[in-house]
Structures are given as structure tokens and as C-alpha cells.
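Residues per chain, in single letters:
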Amino acid sequence: MRTTSLTLLLFLAVCSLSSQTPILNISAEIKLPKDSLDSQHLISSLNKFLVAAQADAKINDWVYQPEFLQTTLLLDEIEGIEKKEDSLFYTPTLLDVSSIENEQYLIQIAYISTINETPSLRANIELIAHKVKDKFLFSSPLVRNTKHWKSTSVENYRYYYRDTMDLQKAIEYQRLTAFHDKKLKIEPKNTTVYLFDDDLIAQHYFGLNYKLDYNGRGSSIVWSVQLDNQDIYVINNSRLIEFDPHDLWHNRLSQVTSRRKVNHAVDEGIATLYGGSWGVNWEDMFTEFQNQIQFDKHTNWLELREQKSYFETPGHKNPTEFMITALFVKKIEKELGFSAVWELLNAKEEDAYFKTLEKLTGITKKNYNKEVWKLVNEEITKKI
């Protein structure tokens, strides 16, 4: 009877909040803190946190600041979670409040709606409530769930892992990322990476027990948040071990511009030059290109470009155009610097591409074969 009365008091306290505040459903069976004032503060703070969570994470004053970075992963998932369609709203429902440490509680919340008289679960989340003076602040459980993990740093990257990680791969990843970022003028940021061996449990560690949006997608999800001064990732350990240097260029480029806005062949040429393709490095790519195209002094390079010719590496077709464009990139960067490569990269349309190529190199459609032959022969000579 005392629990029911306390719940009613809490509902009255919650109702006194702004009309925009979501009313957290609380059943009479929920065991709230025994101290009634603590219970009022907890529910009032929790409602304010949930309201702020629908906006920008950076302005949520109800986040526990020592674990702000780790909490942004969960905030990213619950932003906008209450409304799925114009007429469909999901209400936060308190499932459990468990005391875990001195003045800390583990909170479970479900977002539930009713569709054709059938309950529908949108998400189930976990939070940790930290008592700070006369209110509570909230965090993801990620730090608590990984407090016994190992960690290591590679330059501006901090890795957390349970048992083992491939340090050499981490070093290679950092080196190549820094290589691309310098070209793209991306300032280095402190980056925190949590490495999991099982995709199915990763989201549970940062408090996302279930989300309807990911139903049936139990693996191959990268959880990440990029902030102005730091980034955080939750990934499968295999993604670090098997990261593709080619795709890393695309990933870094997308940090500064949409890949849909740039010239696709130049984008792929840069990625191939510095990262090979499909696990084959640039040198081996060029060898296969040379062997399969079987070019000689009579080869018409412009015709091959227009015909969209290909050569193959294990399991994949590689456009000849990407290799030639990579040679253009190599020449332009050597003579004019990467800012000139950037200019060619942003010449998306065909006419703009050839106008920019002529401006930077003097190469036109009329002298295309002659100039390409020079670059191809230079590359062959370097291999000998």
C-alpha cells in the first residue's frame, strides 16, 4: 500500500513538469528507493533526462559528465525514439530500479506503444543513475560493464578490449588514418574504441538491450558517435584485424564531404593508389593490370576508358580507368601537391574532369594516349 501511495505522489510530481515532458509510466510493482525524497528526485531527474535525450546530446545537462562520451552512444539511439510515425508514439515505461552501489541505481526502461490493441516494443534500454546532491544524472552502463577490461593507446587512439587485440594492426590503422587525414586537413581527435568479439552482445554493453529498428540485424553493425573534439566506436575486433586500407580512404573522405559530390573514378583511384583494392596492394594490382590488359604501343587508352574495360583480381573486376586515374593522381600530387588532387576530385562531371585535368597536367583527349603511355612506362620502369 505504501508503494502505491508513493507512486501516486511521484506521478503528481512528474505531472507538475512542463507539458512537453514525457510522463514515465511507473507501475505499482516497481521498487523505488526507500527514501521518498530520493525517489522523487530520481523520477523527476529521469524525466528531464528523457526529454533532453530527444535533442542534441551535447546540450543534455542530465548526463553524468565523467562518462559523457560513452553515454553519447546510447543518446544517439534514443533520440527521436518516442515517435516512429505521425500517428505512432512510444511511451517510456519504467521496468526496474536496482541499487547497484552507494547512491547508484541501474534503470531499465522500455518504449512501448499499442498497435491494433497489441503491445509493440520499440526499445529496451539500461541507464545508470548517479546521485549528485539533490538530483540524479545518468550514464550508459558501458564503463561499468568494461571496468575489468584491458586497454592500450596508439597515438590518439585508446583501445579497450577483454582479452587480446592485434597491436600491429592498430598501429597500421592509426598510421594510415593519419596519412589520409593530413591530406584532407582533418585535425586529429582523441578516439576511444571498444573492441568486442561478439556482435550480438556489443549493444547490450552500452545499454541498448533491444531496438526494433535492428530486428534481425545481429551482426556487422558499427556503433559510433563523432563529436567536435573526440570520437567513440564500438566495433567487432575482426574489423580492426581485417580493416581494408582502400575503404579507409573512403571513410576518411566522407568525414569532410559526401562521396556523391566527388568524381567517382578519382575517389577510387586515390583509394587504389594508397590502399590497393579487395586485399591486393597497389604493386600487385598494377602487375595484374599489366598482365591482363596486355597493352603495347598500339593500345588505345582513351578507347579502353570509354569502353569501361576491366581486369580481374581474385573474385573482383577492377576498372582500367581507376588505375589510369591513380597514375594521374600520383603525378598531380608529386608536382602540385594534394590541393590540386582535391581540385580534380571535385570535378564530378565528365567535361569538368577533362577541363581540370588539362589545367593541372596539360592532358587532353587529343594527347591522352601519349601522356598515359608516359605514366604507364614510368610505373613499369619503377618495378624493374
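Residues numbered from 1 in each chain as written. Predicted model: local features only at pLDDT ≥ 70, side-chain atom pairs only at ≥ 80, totals over all residues. Heavy atoms only, no water.

Participant: Any chance you could explain the pattern of salt bridges here in plain terms?
Facilitator: Pairs can form between side chains of opposite charge once their charged atoms are near each other. Taken as a whole and judged by the stated rule, the model has 17 salt bridges. A salt bridge links R252 to D181, with the shortest nitrogen-to-oxygen separation between them at 2.8 Å. Taken together, the residues R252 in helix α8 (residues 245-253) and D181 in helix α5 (residues 167-184) connect sequence positions 71 residues apart. For D181, a relative accessible area of 8% corresponds to the buried category. One connected set of salt bridges, linked through shared partners, spans D38, E103 and K131. (Salt bridge = Lys/Arg side-chain N within 4 Å of Asp/Glu carboxyl O. Helix = DSSP H or I, 4+ residues; strand = E, 2+ residues; numbered from the N terminus. Buried < 20%, exposed > 50% of the residue type's maximum accessible area, 1.4 Å probe, protein only.)

Participant: What am I meant to see in the packing of aromatic side chains here?
Facilitator: Centre-to-centre distance and the angle between the planes together describe a pair of aromatic rings. Using the criterion set out here, one finds 24 aromatic pairs in the structure. A network of ring pairs unites the aromatic residues W282, F286, F289, F295, W301, F311 and W373 as a single cluster. Taking the ring centre of Y90 as reference, the NZ or CZ of R122 above it sits at 5.7 Å. In this arrangement the basic side chain of K317 is found over the ring face of Y310, its NZ or CZ atom lying 6.0 Å from the centre. (Phe/Tyr/Trp six-rings, centres within 6.5 Å; stacked < 30°, edge-to-face > 60°. Lys NZ or Arg CZ within 6 Å of the ring centre and 35° of its normal.)

Participant: Please explain the pairing of strand β5 (residues 104-115) as it appears in this structure.
Facilitator: Remember that side chains alternate between the two faces of the sheet whenever the strand is regular. Direction of pairing for strand β4 (residues 91-101) relative to β5: antiparallel, over a ladder of 9 bridges. Note that in β5 the partner of V97 across the bridge is I107. Hairpin connection, β4 to β5: the antiparallel pair is bridged by 2 residues, and E103 has positive phi, about 60°. Judged from the 12 bridges that link them, β5 and strand β6 (residues 118-132) form a sheet pairing that is antiparallel. By the bridge assignment for β6, I115 is matched with T118. Hairpin remark: β5 followed by β6, antiparallel, with 2 residues in the connecting loop; positive phi at N116, about 50°. (Pairing = 2+ DSSP bridges.)

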